[in-house]
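These are the residues of each chain, in order.
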Amino acid sequence: MKKPKLALNSSTAPAVLISAAIIQYIGASLAIGLFAAAPAGAVAWGRMAGAAIILLIWRRPHLDLRRIWIPIVFGLALTGMNVVFYFALSRIPLGAAVALEYIGPVLLSAFTGRNWRVRLGILLALLGVFLISWIGVDISQSSIRIGVLFALAAGVCWAIYIIIGRRLSLDGSSAEILAWGNLAGAIFFLPLAIPGFHPIITNPHLLVIMVLVALCSSVIPYTLELRVMGVVPTAVYSLLSSLYPATSLLVGVVMLRQIPTWGEILGLLCVSLAVALVTVPSNKK
């Protein structure tokens, strides 16, 4: 008897992504707590390695050596996004980091979107990102400026992840590639772990938190994301990703006590309008 699959379509996609985002940023909040014990790069590596181990045990994927370049490229985009994002998190607030990172998907939707609703959604989402990030970030400090650059670099990787992930979702190989991709990234970024991961691996409490970070930040949300990519167009998915800055803002309030400014609240409203615009069905038959 087959297990029932999660019903996904353009109407349910926002709810699935909100769930993925909440889980992911709970994981990010836990990761921030590990920065006191280990460098951001080591924590990012632990997330990748942990996700690779869990996915390989769970999925037991087959590796096609003739197409080995696909998980390598996908894995480097995915894990590169996570590494530079963690570098950003160590310097700027969670909501601002995610908002700046979202510029990558917005630009991707601008290139792939065709109708007026998507284009208006892009403008609203950009306004929301601007309000969430720039108003709440003091770029006069050099550390903050570096954090902003890291977040923007993560956005570029995010756009590449969406392009490749959408193609993998359509041909049904996304779960397997996700497992091998995390392993490829963990191997590539191993030098980040060597100097700083020792305090985590030798402390059972921190190691448990690291496993939770891998589950919440990578395994669960990316599995859900790749399912959504298979049912909505690239431009729509890119705009739906604006739920991530908004959700990270709320998670930051609850878990990290990072109180939003009025600009961030207005940005949250703009993002919500953008998502509604591209997902609510049109009355036109």
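Quick note: structure is the one above.
Worth saying up front: this structure is predicted, and the values here are computed from it rather than measured. (Residues numbered from 1 in each chain as written. Predicted model: local features only at pLDDT ≥ 70, side-chain atom pairs only at ≥ 80, totals over all residues. Heavy atoms only, no water.)

Let us look at the overall build of the chain. In terms of helices and strands, the chain carries 14 helices and 0 strands. Helices (α) and strands (β) of the chain occur, in sequence order from the N terminus, as α-α-α-α-α-α-α-α-α-α-α-α-α-α. Relative to its full complement of 285 residues, the chain shows a buried share of 53%. A fraction of 87% describes how many contacts in the chain between residues 6 or more apart in sequence connect residues 24 or more apart. Of the roughly 13300 Å² of accessible surface on the chain, 71% is carried by carbon and sulfur atoms. (Helix = DSSP H or I, 4+ residues; strand = E, 2+ residues; numbered from the N terminus. Buried < 20%, exposed > 50% of the residue type's maximum accessible area, 1.4 Å probe, protein only. Contact = heavy atoms within 4.5 Å. Areas by Shrake-Rupley, 256 points an atom, 1.4 Å probe, with all protein chains shown as cover.)

Here helix H3 (residues 69–89) crosses helix H7 (residues 142–170) at 155°, and the two axes come no closer than 8 Å. One finds that H3 runs roughly antiparallel with respect to H7. Taken as a pair, H3 and H7 cross one another with a handedness that is left-handed. Note on element contacts: H7 touches H3 through Gly147, Phe150, Ala151, Ala153, Ala154, Cys157, Trp158, Ile160, Tyr161, Ile164, Gly165 and Leu168, opposite Ile70, Val73, Phe74, Ala77, Leu78, Gly80, Met81, Val84, Phe85, Phe87 and Ala88. (Axes fitted to C-alpha atoms, helices over the stretch in contact; angles between N-to-C directions. Parallel < 35°, antiparallel > 145°, perpendicular 65-115°, else oblique. Left-handed = near helix turned anticlockwise from the far one by under 90°.)

Here we take up the nonpolar core. Core analysis: the biggest nonpolar cluster contains 81 residues, and Tyr25, Val43, Phe74, Phe85, Tyr86 and Tyr161 have the highest contact counts within it. In this structure, Tyr86 is in contact with Ala31, Phe35, Ala40, Val43, Ala44, Arg47, Val213 and Ser217, ignoring residues within four places of it in sequence. (Core = buried A, V, L, I, M, F, W, Y, C linked by side-chain atoms within 4.5 Å.)

Time to look at the packing of aromatic side chains. Under the criterion given, the structure shown has 7 aromatic pairs. Each ring, one from Phe188 and one from Phe189, has its centre 5.0 Å from the other, and the planes form 85°; the classification is edge-to-face. The class for Phe189 is buried, based on a relative accessible area of 15%. Stacked on the ring of Trp58, the Lys or Arg Arg59 has its end atom at 5.2 Å from the ring centre. (Phe/Tyr/Trp six-rings, centres within 6.5 Å; stacked < 30°, edge-to-face > 60°. Lys NZ or Arg CZ within 6 Å of the ring centre and 35° of its normal.)

Relative to the elements of secondary structure, Thr202 occurs in the loop between helix H10 (198–201) and helix H11 (204–229). Classification of Thr202 by relative accessible area gives partly exposed; the value is 47%. Engagement of the side chain of Thr202 in a polar contact is seen with the backbone oxygen of His198, the distance being 2.7 Å. (Polar contact = N/O pair within 3.5 Å; in protein donor to acceptor, adjacent residues only side chain to side chain.)

Looking now at the packing of H3 against H11. Direction vectors running N to C along H3 and H11 enclose 135°, while the axes themselves pass 14 Å from each other. Relative to H11, the element H3 is oriented oblique. Handedness of the crossing formed by H3 with H11: right-handed. Contacts between H3 and H11 pair Phe74, Leu78, Met81, Asn82 and Tyr86 from the former with Val213, Ser217, Ser218, Tyr222 and Leu226 from the latter.

It is worth stressing that arrangement in space is one thing and function is another; only the former is reported here.
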